[in-house]
Amino acid sequence: QVQVVESGGGLVQAGGSLRLSCTASGRSLSYGAMGWFRQAPGKEREFVAAITWSVGNTYYAESVKGRFTISSDIAKNTVYLQMNSLKPEDTAAYYCAARTRFSGSYTGIYDYDYWGQGTQVTVSS
C-alpha cells in the first residue's frame, strides 16, 4: 500500500502563485510515477501534470503548460506542483496520485492506484 498526502492549497488572487506538495509513503515508487489531477465542482477530474520517478520525465495538460511545473525530491518521496500565473479557472480541488508500475500512460485517472484526499485551490479574480 501507498499513502499519499497533499498540502499547500489555499486562496490566491489571479496572477499569483502557489506550491502544492505531495508525499508518498509505503511501497517503493522507484519504477512508478506520480501525478496531479484537479476537479472543479460539477466537472470531471482532469489531468494536470505527472512525473516519473526513475527518469524524471514530465507531462502536462495543455491548459497549464508554461504556468505549472512539476518536480520531485526522491529522497523525500515528495513531488511538488509550482503553479504560477494562476487564473480563476484553475480553481479546483487538486489531487495527488501515485502508482508503482513503470509502464502505461500518465494522463488518465485509471493510470494511478493510490490517491490523496485533495487540497483546495481557489483563485479569485
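Here's a quick rundown of the structure. Since the structure is predicted, the reported quantities are computational estimates derived from the model, not experimental observations.

### Focus on the sheet that holds strand E7 (residues 68-73)
As summarised here, the arrangement of the four strands in space is E1-E3-E8-E7, forming an open sheet in which the pairing is antiparallel. Each edge of the sheet is formed by a strand with only one pairing partner; in this case those strands are strand E1 (2-7) and E7. Direction aside, neighbouring strands of the sheet carry axes that sit 15° apart on average.

### Section: the packing of aromatic side chains
Taken as a whole, this structure holds five aromatic pairs when the rule is applied. Aromatic side chains Tyr59 and Tyr106 sit 4.6 Å apart centroid to centroid with 15° between the ring planes, which places their arrangement in the stacked category. A residue pair is termed long-range when its members are at least 10 positions apart, and Tyr59 in strand E6 (residues 58-60) and Tyr106 in the loop between strand E9 (92-99) and strand E10 (114-115) qualify at 47 residues. In this structure Tyr106 comes out as buried when scored by relative accessible area, which is 11%. The structure contains a cluster of three or more aromatic residues connected by ring pairs, namely Phe37, Phe47, Tyr112 and Trp115. Positioned above the aromatic ring of Tyr95 is the side chain of Arg45, whose terminal nitrogen or guanidinium carbon lies 3.7 Å from the ring centre.

### As for unusual backbone geometry
In the Ramachandran plot, Asn77 falls in the positive-phi region, its phi being about 55° despite a non-glycine side chain. Mapping Asn77 onto the fold places it in the loop between E7 and strand E8 (78-83). At Ser85, a position not held by glycine, the phi torsion is positive, near 50°. Here Ser85 lies in the loop between E8 and E9.

### Concerning the nonpolar core
By size, the foremost hydrophobic cluster in this structure holds 36 residues, and its most contacted members are Trp36, Leu81, Met83 and Tyr94. Beyond its immediate stretch of four places on either side in the chain, Met83 contacts Gly16, Ser17, Leu18, Leu20, Arg67, Phe68, Tyr94 and Val121.

### Points about the pairing of strand E5 (residues 46-52)
Remember that side chains alternate between the two faces of the sheet whenever the strand is regular. Among the seven residues that make up E5, six are buried, leaving the element largely enclosed by the rest of the structure. Sheet analysis places strand E4 (residues 33-39) next to E5, joined by six bridges and oriented antiparallel. Within the sheet, the bridge partner assigned to Phe37 lies in E5 and is Phe47. Taken together, the three bridges between E5 and E6 define a ladder with antiparallel strand orientation. Each bridged residue has a counterpart across the sheet, and for Ala50 the counterpart in E6 is Tyr59.

Thresholds applied
- Going along each chain's sequence as written, the residues are numbered from 1 onward.
- Restriction of local features to residues with pLDDT of at least 70 applies here, the model being predicted, together with a cutoff of 80 or more for giving and counting side-chain atom pairs; totals for whole chains, interfaces and linings are based on all residues.
- Hydrogens and waters are ignored; side-chain quantities use all the structure's heavy atoms.
- For two strands to be treated as a pair, DSSP must find no fewer than two bridges joining them.
- Put simply, DSSP marks the helices as runs of H or I at least four residues long and the strands as runs of E at least two long, and each gets a number from the N terminus on.
- Axes, fitted as lines to C-alpha atoms, cover a helix only where it is in contact. Angles between the N-to-C directions of the axes lie from 0 to 180 degrees.
- In this scheme Phe, Tyr and Trp rings, the latter by its six-membered ring, pair at centre separations within 6.5 Å, and the angle between planes marks the pair as stacked below 30 degrees, edge-to-face above 60, and tilted otherwise.
- Think of it in three bands: residues with accessible area under 20% of the maximum for their type are buried, residues over 50% are exposed, and the middle band is partly exposed, with areas taken using a 1.4 Å probe on protein chains only.
- Ring-over charges, as used throughout, are those where CZ of Arg or NZ of Lys falls within 6 Å of the ring centre and within 35 degrees of the ring normal.
- Nonpolar cores are built from buried Ala, Val, Leu, Ile, Met, Phe, Trp, Tyr and Cys residues. Side-chain atoms within 4.5 Å join them into one set.
- Contacts were defined at the residue level, with two residues in contact if any of their heavy atoms lie within 4.5 Å.

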